[in-house]
Amino acid sequence: MVYDRIKQQMMDTLPFVRLLGIRIDAIGNGTSEVSMPADPKLNNHLGTQHAGALFTLAETASGAAMAGAFADLILGLRPVAKESRIQYQKVAKGATRASGRVPGDIAALKATLKADGKVAFPVEVDVFDEHGTLAAQVQVDWYLSEKR
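Residues numbered from 1 in each chain as written. Predicted model: local features only at pLDDT ≥ 70, side-chain atom pairs only at ≥ 80, totals over all residues. Heavy atoms only, no water.

Peer 1: What is the right way to look at the pattern of salt bridges in this model?
Peer 2: Close approach of charged atoms allows side chains with opposite charge to pair. In the structure shown here, the tally under the stated rule is eight salt bridges. Salt-bridge contacts for Asp39 lead to Lys41; the nearest nitrogen and oxygen are separated by 4.0 Å. In this structure, the salt-bridge partner of Arg101 is Asp126, at a minimum N-O distance of 3.2 Å. Taken together, the positions of Arg101 in strand β4 (residues 96-101) and Asp126 in strand β5 (residues 118-129) put the pair 25 residues apart, joining distant regions of the chain. (Salt bridge = Lys/Arg side-chain N within 4 Å of Asp/Glu carboxyl O. Helix = DSSP H or I, 4+ residues; strand = E, 2+ residues; numbered from the N terminus.)

Set out below in structure tokens:
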């Protein structure tokens with residue numbers, strides 16, 4: 001139920017994500033599943049998913065996984081994507097999906113946040129096309145601080 005509220009909040013406050021047709025399918029404790037439809041408007045000159053659309057899909061998945069990890073605290077936090085890296089593996093044909101995960105010990109991250117009032121950590125994302133081909137691997141580094 002708290003994950004459903006996070007999904008709704010993200011969809012309500014991210015108009016660019018809605019514009020691309022991205023859907024947050026699932027959020028868990030440090031995990032997410034996000035999808036984007038096949039749409040010719042999202043294609044590049046090769047007729048495959050545009051790199052910018054793939055990046056937005058992955059960044060959305062990273063934010064959903066981050067929010068899921070801190071679900072009990074997220075309303076009192078200010079999350080900022082600090083840095084990101086993307087490695088394109090293959091062209092993405094058709095609809096795409098992204099799986100995000102916070103690696104490591106979430107309890108330790110929460111303890112750092114409690115002690116320091118801030119914490120930074122990576123979220124890893126794999127992006128797949130409709131055939132299950134790994135299209136990209138992404139890491140987004142998140143910085144969380146308490147709202148002032």
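On we go from here.
Peer 1: How should the packing of aromatic side chains be read in this particular structure?
Peer 2: Centre distance and the angle of the planes are the two values used to describe a pair of aromatic rings. Enumeration according to the criterion identifies one aromatic pair in this entry. Consider the rings of Phe70 and Phe121, whose centres lie 5.4 Å apart with planes at 25 degrees: the pair is stacked. On the criterion of sequence distance, the pair formed by Phe70 in the loop between α3 (51-69) and β3 (77-88) and Phe121 in strand β5 is long-range, its members being 51 residues apart. The residues Phe70 and Phe121 share a single accessibility class, namely buried. (Phe/Tyr/Trp six-rings, centres within 6.5 Å; stacked < 30°, edge-to-face > 60°. Buried < 20%, exposed > 50% of the residue type's maximum accessible area, 1.4 Å probe, protein only.)

Peer 1: Quick question: what am I supposed to make of the sheet that holds β4 here?
Peer 2: Each strand in a sheet pairs with another by means of backbone hydrogen bonds, the pair being arranged parallel or else antiparallel. An order of β1-β2-β4-β5-β6-β3 is seen for the six strands of this open sheet, with the pairing classed as antiparallel. The sheet terminates laterally at β1 (23-28) and β3, the two strands that pair on one side only. Between one strand axis and the next, the sheet turns through 20 degrees on average, direction left out of account. Here strand β2 (residues 31-36) runs beside β4; their pairing, made up of six bridges, is antiparallel. In the strand pairing of β4, Thr31 is matched with Arg101. Strands β1, β2, β3, β4, β5 and β6 (134-146) of the sheet are contacted by α3, whose axis makes an angle of about 150 degrees with β2. (Pairing = 2+ DSSP bridges. Axes fitted to C-alpha atoms, helices over the stretch in contact; angles between N-to-C directions. Contact = heavy atoms within 4.5 Å.)

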